[in-house]
Amino acid sequence: MEDPLSQTPEDLTGTVDERQRRLAQLAPEALSAEWLRRQLDNALIAWAAEETELDIVKDAHTDY
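Calculation rules
Residues numbered from 1 in each chain as written. Predicted model: local features only at pLDDT ≥ 70, side-chain atom pairs only at ≥ 80, totals over all residues. Heavy atoms only, no water. Helix = DSSP H or I, 4+ residues; strand = E, 2+ residues; numbered from the N terminus. Buried < 20%, exposed > 50% of the residue type's maximum accessible area, 1.4 Å probe, protein only. Areas by Shrake-Rupley, 256 points an atom, 1.4 Å probe, with all protein chains shown as cover. Patch = residues over 30% accessible without salt bridge, like charges linked within 9 Å, V, L, I, M, F, W, Y side chains within 5 Å. Salt bridge = Lys/Arg side-chain N within 4 Å of Asp/Glu carboxyl O. 1 Å grid on protein atoms, 1.4 Å probe; cavity = no way out; pocket = protein on both sides within 12 Å on 5 of 7 lines; lining within 4 Å. Points joined across faces, edges and corners; volume = space filled by probe spheres on them. Nonpolar A, V, L, I, M, F, W, Y, C, P; charged D, E, K, R; others polar. Contact = heavy atoms within 4.5 Å.

(A) Highlighting the overall build of the protein chain. Across its full length, the protein chain holds two helices and zero strands. A burial count over the protein chain gives 12% of its 64 residues as buried. Summing over all exposed atoms, the protein chain offers an accessible surface of approximately 5600 Å²; the carbon and sulfur share of this is 56%.

(B) Spotlight on a nonpolar patch on the surface. Side chains of L40, L44 and W47 sit close together on the surface and give an oily, nonpolar patch of about 330 Å² of accessible area. Turning to its location among the elements, L40 is positioned in helix 2 (residues 33-60). Residue L40 is classed as partly exposed on the basis of its relative accessible area, which comes to 45%.

(C) Just the layout of surface pockets, in detail. Of the voids in this model, the largest pocket is the one considered here, and its volume is about 290 Å³. Forming the walls of the largest pocket are L12, G14, T15, V16, R19, Q20, L23, Q39, A43, A46 and W47. In terms of residue class, the lining of the largest pocket is made up of six nonpolar, four polar and one charged.

(D) Focus on the side chain of Q39. Locating Q39 in the fold gives a position in helix 2. By relative accessible area, which is 9% here, Q39 ends up buried. In contact with Q39, not counting residues within four places along its chain, are D11 and L12.

(E) Just the pattern of salt bridges, in detail. Taken as a whole and judged by the stated rule, the model has three salt bridges. We note a salt bridge from D11 to R38, for which the minimum N-O separation is 2.7 Å. With D11 in the segment before helix 1 (16-25) and R38 in helix 2, the pair connects residues that are 27 residues apart, well separated along the chain. Judged by its relative accessible area of 32%, D11 is partly exposed. Judged by relative accessible area, which is 29%, R38 ranks as partly exposed. For E34, the salt bridge is made with R38, and the minimal N-O distance between the two is 3.8 Å. Within this pair, E34 and its partner R38 are both found in helix 2, separated by four residues, close to a single helical turn.

See below:
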């Protein structure tokens, strides 16, 4: 019997919808805690970058 964790899936990339679709296709038993943590870290980094960009855009539109 093959160990499901022996072939860790590639990291999720793309839009939120693409990542969710890909994650839904993966077998839960094939997802190690390390892989899941990496995906969470990547998602949070992307989210923080988006928030920073939105803050910059918002500040650029503020009238003084």
